[in-house]
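# Inside the fold
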Amino acid sequence: MSEKEVKNLEEIFDAKIARDEKIEPKDWMPEKYRQTHIRQISQHAHSEIVGMLPEGNWITRAPSLKRKVALLAKIQDEAGHGLYLYSACETLGISREELYEQLHSGKAKYSSIFNYPTLTWADMGAIGWLVDGAAIINQVPLCSTSYGPYARAMVRVCKEESFHQRQGFQIMMTLAEGTPEQKEMAQDALNRWWWPSLMMLGPLDAESVHTEQSMKWKLKRKSNDELRQQFVDQTVPQADMIGLTIPDPDLKWNEEKKSYDFGEMNWDEFWQVVKGHGPCNKERISARVNAWEKGKWVRDAAMAYAEKKEEKVVKQAI
């Protein structure tokens, strides 16, 4: 393809982005656009799958059958989200096997938040309320992202994530209204998950290497700092309502901005976790690799059944 032809295709592509038209799998796209989407969508898919692990830790220890059923439903939703997103990623020309290999080898990243341990039942509430709450703020704009398969997958994901956030908040509210020990447990979970939840929305805009280009391509509609401010402004009143205290001595209402000022995050901790040195990084990847290896017989059996079924259909057709 000549340089002139490539330039013409780039102009058509840029015009589609400017008109807010969706880019579909068979449309021409710049290679960097394709690779950027593979990186982001696969990271999102990996996060959904790895995110099942810290919650799965509490299935057998949920305080009631109702809580157990709700937690199981949530984990099942997250497995579904991962499958939607892997399918969307495959439309960009990468195989499912390659995506898994990138996760298992450490080449691909997933959300840093899932490398922290879940120590008490209140952590299930904090994850739902804070982690899924931050995820919703990040993901709702993705329903109008420029890549069609990703945008359509996000519609259902966001609907189900809103249920997860409400479930988590209800757990925290119940604990906060319970015994002093239960309220203390809820406050402890908030203390531990607050700052990681803020940092999971990504590095500061000034330090983000992807934000500018992602905004240009309308992959992202809001910057990391804008999303973080929205999360703080939304969450602080919720904590006040249930009598819990945000663990930030610098938190205060800014009348001029009509939003909250908040303290500095520990970015050294963030980058250590991203680089694989968090409390549970090795444990999470080991669990995924182990599940993949032990599940090989299931995949082989499913493929054998599908091939046998296809052969039967062919014979009947003949």
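One structure accompanies this document, and this report is about it. (Residues numbered from 1 in each chain as written. Predicted model: local features only at pLDDT ≥ 70, side-chain atom pairs only at ≥ 80, totals over all residues. Heavy atoms only, no water.)

### Quick look at the overall build of the protein
When you go through the protein residue by residue, the secondary structure sums to 13 helices and two strands. Reported as C-alpha extents along the three principal axes, the dimensions of the protein are approximately 70 × 50 × 35 Å. Evaluated residue by residue, the protein yields a buried proportion of 47% over its 318 residues. Restricting to contacts in the protein with at least 6 residues of sequence separation, those with at least 24 account for 76%. Accessible surface, the protein: about 16,800 Å² in total, of which carbon and sulfur atoms supply 56%. (Helix = DSSP H or I, 4+ residues; strand = E, 2+ residues; numbered from the N terminus. Buried < 20%, exposed > 50% of the residue type's maximum accessible area, 1.4 Å probe, protein only. Contact = heavy atoms within 4.5 Å. Areas by Shrake-Rupley, 256 points an atom, 1.4 Å probe, with all protein chains shown as cover.)

### Notes on the pattern of salt bridges
Under the counting rule described, the total for this entry stands at 17 salt bridges. Residues Glu55 and Lys74 are paired through a salt bridge, measuring 2.4 Å at the closest nitrogen-oxygen approach. You can see Glu55 sitting in helix α3 (residues 52–56) and its partner Lys74 sitting in helix α4 (residues 65–90), a full 19 residues away along the chain. The class for Glu55 is buried, based on a relative accessible area of 1%. Among the ionic pairs, Arg192 bridges to Asp188, the shortest N-O distance being 3.0 Å. (Salt bridge = Lys/Arg side-chain N within 4 Å of Asp/Glu carboxyl O.)

### Describing the environment of Gly202
Following the sequence through the fold, Gly202 ends up in the loop between α8 (180–199) and α9 (211–216). Each C-alpha atom of the pair Gly202 and Ile127 lies 17 Å from the other, and the pair is 75 residues apart in sequence. Residues contacting Gly202, with those up to four places away along its chain left out, are Asn224, Arg228 and Trp267.

### A few points about helix α6 (residues 122–139)
Along an α-helix, a turn takes 3.6 residues, which lines up residues three or four apart on a common side. An ideal rise of 1.5 Å per residue puts 26 Å on 18 residues; α6 measures up with 24 Å between its terminal C-alpha atoms. Roughly 25° is the biggest bend found in α6, and it falls at Asp132. (Expected span 1.5 Å × (residues − 1). Bend = angle between axes of the 7 residues up to and from the residue.)

### Examining the layout of surface pockets
Its boundaries defined by the atoms lining it, the second largest pocket holds a volume of some 340 Å³. Every residue lining the second largest pocket is listed: Ile49, Met52, Leu53, Ala79, Leu83, Arg96, Glu97, Tyr100, Arg288, Ala291, Trp292 and Arg299. Those elements that provide at least two residues to the lining of the second largest pocket are α3, α4, α5 (96–105) and α12 (281–294). Partitioned by chemical class, the residues of the lining of the second largest pocket number eight nonpolar, no polar and four charged. (1 Å grid on protein atoms, 1.4 Å probe; cavity = no way out; pocket = protein on both sides within 12 Å on 5 of 7 lines; lining within 4 Å. Points joined across faces, edges and corners; volume = space filled by probe spheres on them. Nonpolar A, V, L, I, M, F, W, Y, C, P; charged D, E, K, R; others polar.)

### Some thoughts on the packing of α8 against helix α10 (residues 224–241)
The N-to-C vectors of α8 and α10 enclose an angle of 145°; their axes lie 9 Å apart at closest approach. Of the residues in α10, those in contact with Trp194, Ser197, Leu198 and Met199 of α8 are Arg228, Phe231, Val232 and Thr235. (Axes fitted to C-alpha atoms, helices over the stretch in contact; angles between N-to-C directions.)

### Concerning unusual backbone geometry
Peptide bonds are mostly trans, and most non-glycine residues show a negative phi. Although it is not a glycine, Lys218 adopts a positive phi angle of roughly 60°. By secondary structure assignment, the location of Lys218 is in the loop between α9 and α10. In this model, Lys258 sits at a positive phi of 60°, which is unusual for a non-glycine residue.

### Thoughts on empty space enclosed by the protein
If you walk through the whole model with that rule in mind, you get one cavity of 30 Å³ or more. The computed volume of the largest cavity comes to approximately 50 Å³. Together, Glu55, Leu71, Lys74, Trp121, Met124, Gly128, Gln167, Gly168 and Ile171 line the largest cavity. Contributing elements (two or more residues each) for the lining of the largest cavity: α4, α6 and α7 (148–176).

### Some words on the nonpolar core
The biggest cluster of nonpolar side chains holds 74 residues, and the ones touching the most others in it are Trp129, Trp193 and Trp194. When residues of this core are assigned to their parent elements, the largest contribution, ten residues, is made by α7. Sequence-distant contacts of Trp194, defined by excluding residues within four places in its chain, comprise Leu130, Phe231, Val232, Thr235, Ile246, Pro247 and Asp248. (Core = buried A, V, L, I, M, F, W, Y, C linked by side-chain atoms within 4.5 Å.)

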